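Close look at the chain arrangement
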Amino acid sequence: MSTTRSASEHKLEASYRGRLYFFTGLILFTMFSYTMQLINLQLLQGSENSIKAERFVRKSESILAARGQIYDRNFLTPETSEPLVSNSASLDLVLNTNLLKNDPKKVRAFIEEFCKYLSIPISYFEKDLKQDRLVKKIRSREPFILLEGISKSQQERISVFDNINKYVQMVPAPTRVYNMGAALAHVTGYLGKPNQSDIQDKDIKSYQYVGKGGLESQYDSILRGIDGFRIQKRSTEGNIEEERIIEHAQSGNNLVLSIDKEMQIAAYRALKGTRGTVIALKPTTGEVLAMTSNPSFDPNILSGKNRQERSKHYRQVLDNTGLLNLSIQSIFPPASTYKLLVGLAALESEHKIEYDPSTEFHCNGKFYLKSSMAGVPDQEFKCWEPKGHGTNNLAHAIEKSCSVYFYNLGYKLGSESILSYSRLFGLDKKSNIDLPGEVTGFIPSYEWKKRTYGTKWFDGDTINLSIGQGFISTTPMAMALFYMAIINGGKIYQPFLLSEIRNPIDNSIIQRTEPVVIRDIPLKKSTVEALRYGLELVGSTGTASYILNQPYLPEIAGKTGTAQTRRRGSSRTNHAWFIGYAPVNAPPEKQVLVAVFVEYGVGGSAGAAPVAREVFKAAFPPGSYPRSEKVKGNLMKEETPIEDQEVEL
């Protein structure tokens, strides 16, 4: 009996001991887990959780980071170099909605009272006072900005009214300053409030500013920096009892551009009163030394804090299509600047046709295209010089811009080769410059003509094409890159504006742009030499000589162009082109390539070459580069336009 009881007691004791061990282990494990979590919360993540707790019980505010500054190619250090784009201090007036219990009705009532005391039209807050927007803005816990860039008089008036002053705070907010204003506007762009897609796609807060066009948009994330935040404790009266900066704002990185400030100013001033564009490039790297487009806009106003002034200027700019960068966002017929491509295509196609630089054609002022249809007369195509240019080889045809010469050459070569070389040199492609919004040129084709007009490609189309008229259109940048290829023997570099990204703290180089070859087209040396010689004659004794052959300038080679537009009539409806480079006798790495386009600029020599002259003067101040003895001889008169000839369909 005792044995049985002993066994039973033994089982109970073993069962009890097992339960004791289990619950003891469970308690110890729970205590260990709590201890580790406390260590994690208090020691490992203590500071982070402390900030979160303070954010919950106190007012937290963002501190706007200053955007990176932008400098030109002569930058050394931030202390010794004047920025193209900088920041200045200003104050924004921010409403503390917490003191109004985050109640939309109370916020609305306060804003109405605020407008009354400061004599501000209630319509100024019309968008912000819409119910859905107001509720969303309050719930976002982002700064509720009442006024941006408040004036000194506004500051004084606000401080007088206690019922206003206790609910608001004046917060430092950097203002963007564009020191070159409209002269560099299409390069820099401007700043504006983000739209919905910016907020969704670019991780931007609604209170921040975002780049609108130009480099401000292209490199927005690099320039923007990282916002900091502060925590404030306020009394029930709205007074700040305690303020602590938790994270300091980190300034955005600085940009160093390839832009030459003096050349940029010269280009902008030379374009004043016209509608056009200037591009200046280093042909052996692709660096953009100057890029301006007119009409322009004032980025200081569009990025400014005055809402009414900003809206008024924006409407004016839109009316003038001033936001359009004509260098890369518009296409035009290339006119006589395209004759170089026709000549190049013929010289490179000598296996197809018998042709070399010495081949001559006679010009008596007209070219007749033989009719292939019985009873239809031959079609007449005129040269810009009614008296004709006589007999010329390629160089002198370029010098005089003889259209009859290129009618003959284009007809002999055929449109297929001309169009093929146009595509080869990328006249219908983007340059991929580091700016947003670039468009492509248009190169026609037989199929396009049939699809669009329901007719085949006629010989008359080829004649028009041979002088850069008819269906073809290109951007000024694309034509500039074609001339770059002539300078470099077939090599084209991708144009770029950003040279370096610099750390704003220690000025160290974070990134440097290296030249990139985007096309390397094998050209015969004899082809390049023949084209260059013709371009040199243009500047010394040809169509641009009376503008560019000056003792204070280096020798300049180039080509004028006068494009007939659809607005036929007086010469003032014609577009003007000039594309050229200097100094002629310098190695390519010392040369500067300039392309000018002026809408309704009368003619290449009258409207575009004078603009180029001012840019070359800025690039090579008198005495900075020796020139050879000035070429003697008769300087040519202005090239006049030739209308697109109506093609017999």
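Everything below is about the structure printed above this text.
Residues numbered from 1 in each chain as written. Predicted model: local features only at pLDDT ≥ 70, side-chain atom pairs only at ≥ 80, totals over all residues. Heavy atoms only, no water.

1. Describing the sheet that holds strand β4 (residues 91–95)
Reading across from one edge, β5-β4-β6 is the order of the three strands in this open sheet, with antiparallel pairing throughout. The outermost strands of the open sheet, each flanked by one partner alone, are β5 (144–147) and β6 (168–172). Within the sheet, the average angular offset between the axes of one strand and its neighbour, ignoring direction, is 45°. Bridge count between β4 and β5: three bridges; the pairing is antiparallel. Across the sheet, residue L93 finds its bridge partner in β5, namely L147. Each of β4, β5 and β6 is contacted by helix α3 (residues 104–118), which is oriented at about 20° to β5, the strand it contacts most. (Pairing = 2+ DSSP bridges. Helix = DSSP H or I, 4+ residues; strand = E, 2+ residues; numbered from the N terminus. Axes fitted to C-alpha atoms, helices over the stretch in contact; angles between N-to-C directions. Contact = heavy atoms within 4.5 Å.)

2. Things to note about helix α18 (residues 415–424)
Regarding α18, the residues found buried are S415, S417, I418, L419, Y421 and S422. Residues of α18 that are buried sit in contact with α15 (339–347), α17 (403–413), α19 (446–453) and α20 (459–465). Note on α18: the residue one or two positions beyond its end, G426, has a positive phi of about 75°. (Buried < 20%, exposed > 50% of the residue type's maximum accessible area, 1.4 Å probe, protein only.)

3. As for the nonpolar core
Soluble, globular proteins show a tendency: their nonpolar side chains are buried together. Counting 129 residues, the largest nonpolar core has F425 and F482 as the members making the most contacts within it. Per-element tally for this core: the top contributor is helix α21 (residues 476–488), with eleven residues. Judged by nonpolar contacts, the second largest core, of 23 residues, contains L95, L100, V107 and Y167. (Core = buried A, V, L, I, M, F, W, Y, C linked by side-chain atoms within 4.5 Å.)

4. Let's talk about the packing of aromatic side chains
Counted under the stated rule, the structure contains 21 aromatic pairs. Both rings, one in Y71 and one in F75, keep their centres 4.4 Å apart while their planes meet at 45°; by these two values the pair is tilted. On the basis of relative accessibility, which here comes to 8%, the residue F75 falls in the buried class. Seen in terms of ring centroids, F110 and F114 are 6.2 Å apart; in terms of plane orientation they differ by 20°. Their pairing is stacked. Taken together, the residues span about one helical turn, with F110 and F114 both in helix α3 at a distance of four residues. Through successive ring pairs, a cluster of aromatic residues spans F442, Y446, W448, Y453, W457 and F471. Above the face of the Y117 ring, K116 is positioned so that its terminal group lies 5.8 Å from the ring centre. In this arrangement the basic side chain of R307 is found over the ring face of Y124, its NZ or CZ atom lying 4.0 Å from the centre. (Phe/Tyr/Trp six-rings, centres within 6.5 Å; stacked < 30°, edge-to-face > 60°. Lys NZ or Arg CZ within 6 Å of the ring centre and 35° of its normal.)

5. Remarks on the pattern of salt bridges
Here the structure, examined in full by the defined rule, presents 21 salt bridges. When the shortest N-O distance is used, the salt bridge between E148 and R310 registers 4.0 Å. Taken together, the residues span a long stretch of sequence, with E148 in the loop between β5 and α5 (152–160) and R310 in helix α13 (residues 307–319) at a distance of 162 residues. Assessed through its relative accessible area of 14%, E148 is described here as buried. (Salt bridge = Lys/Arg side-chain N within 4 Å of Asp/Glu carboxyl O.)

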